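# Coordinate analysis (summary)
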Amino acid sequence: MNHCKEAYRHICENLDQDINSPQCRQIKRHLEGCPNCRAYLETLRKTITLYRVAPAPELSSSVKKKLLKSITLEFGTQRHTGKRNVRRHAPK
Amino acid sequence: MQPISYSTSTDNQLIRAARNGDHMAFSALVKRYQDTVYRFSFKVCRDREKAEEALQDTFVNVYRKLGSFDGKAKFTTWLYRIVANNCLMKRRRRKLQDLQDPLESFDEPPAHRTQQRHHPVARWEDAPEQLLLNKELQEILDRAIMKLPLDYRMAFVLRDVEGKSTEEASQILAISQEALKSRLRRARAFLREQLNPYLTVEAENESL
């Protein structure tokens, strides 16, 4: 069995699981003896952390106003065309 | 019809009221979720203008499709699904990224991919997130994630950045949990490899 390959697959699938869960015990044993897989797990975690904590811009008040305006227009359009709610009535 | 409190009503109460023609109820839903939709869109497309466009398109579609929301899934799952569908439809229209190589090679551990089985996997900076104030790193993150095909990018953002469960992320993308796990595995490995040259630290005792 290729232990690194097995560990690699499970590291990726169970990254956010408790490493002490029964499913992960075998991987934990492998990680203890394999610096490459340990480094891989650690750098994978850091990758995720970077994307998780990277700042996203705030929605500006002008965009919020624009959004409400287009939604209000949509209310009018659907009232006019009678398409609102997509509730189809069975033909008589 | 009983008047409802827009700020304290549940999503389902607002949806019911909106379906009965209460525009204020729909506006309350928009206000409740506009930041969520915008942030998710931005994290997927890494571009303010495109995220704003996605925000508009999403809520117009939500309003149009409100009658088809059956309440079986959470409203937020349905909402994310509409955002994801918008992104996918735009991709199809623009025909971008379809020519990208598939990521099957990322099913292999890094040393196996490079045919260097005994080459050590590099260590990274101890707390790379502290470097996020550095604009260069943010650009590197943006460039790396934009190289991912959209299907993989959405799986990664939903599961790892937004923190959705495997079950919910797979419902949003309308794929099996196995397919979601596979995309996630490849996306994580691809991004890690993209960032590797920028974050690797030299081994101190390597030459001793």
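Residues numbered from 1 in each chain as written. Chains lettered and ligands numbered in written order. Predicted model: local features only at pLDDT ≥ 70, side-chain atom pairs only at ≥ 80, totals over all residues.

### Considering the overall build of chain A
Operational definition: Strands here mean DSSP runs of E at least two residues long; helices mean DSSP runs of H or I at least four residues long; both are numbered from the N terminus. Counting other C-beta atoms within 10 Å of a residue's own tells you its class, since 20 or more makes it buried, 12 or fewer makes it exposed, and anything in between is partly exposed; those C-beta atoms are placed from the backbone.
Summing up its helical and strand segments, chain A has 4 helices and 0 strands in all. Counting across all 92 residues of chain A, residues that qualify as buried make up 18%.

### Here we look at the domain arrangement of chain B
All names here are of chain B. Heads up, the rule is: For the purposes of this description, domain bounds are those given by an automatic or database domain assignment. Whether two residues are in contact depends on their C-beta atoms, placed from the backbone: they are in contact if these lie within 7 Å. Polarity classes work like this: nonpolar for Ala, Val, Leu, Ile, Met, Phe, Trp, Tyr, Cys and Pro, charged for Asp, Glu, Lys and Arg, and polar for all others, with Gly in that last group.
Segmentation of chain B into domains returns domain 1 (11-94) and domain 2 (119-201). Centre-to-centre separation of domain 1 and domain 2, based on C-alpha positions: 24 Å. Counting residues at the interface gives 12 residues for domain 1 and 13 residues for domain 2. Of all the secondary structure elements, the ones that give two or more residues to the side of domain 1 that touches domain 2 are α2 (23-45) and α4 (75-94). When residues of the side of domain 1 that touches domain 2 are assigned to their parent elements, the largest contribution, 7 residues, is made by α4. Its residues assigned to classes, the side of domain 1 that touches domain 2 comprises 7 nonpolar, 1 polar and 4 charged.

### Regarding helix α3 (residues 48-65) of chain B
Rule in force here: Helices are assigned an expected span. That span is 1.5 Å times one less than the residue count.
With 18 residues, α3(B) should cover 26 Å at 1.5 Å per step; its first-to-last C-alpha distance of 25 Å lies within 8% of that length. For α3(B), the set of buried residues is Ala51(B), Ala54(B), Leu55(B), Asp57(B), Thr58(B), Phe59(B), Val62(B) and Tyr63(B).

### Observations concerning the nonpolar core
To keep things clear, this is the line we draw: Each nonpolar core comprises buried Ala, Val, Leu, Ile, Met, Phe, Trp, Tyr and Cys residues, the members being joined through C-beta atoms within 7 Å.
Residues Leu79(B), Val83(B), Met154(B), Ala155(B) and Ala187(B) are the most contacted members of the largest nonpolar core, which totals 52 residues. Counting only elements with at least two residues in this core, the list comes to α1 (11-19), α2, α3, α4, α6 (135-146), α7 (150-161), α8 (166-173) and α9 (177-199) of chain B. Examining the composition of this core, we find that 11 residues originate from one element, α2(B), more than from any other. If we skip the residues at most four places from it in the chain, Ala187(B) touches Leu148(B), Tyr152(B), Arg153(B), Ala155(B) and Phe156(B). Listed in part, the 8 residues of the second largest apolar core include Ala7(A), Ile27(A), Cys37(A) and Tyr40(A).

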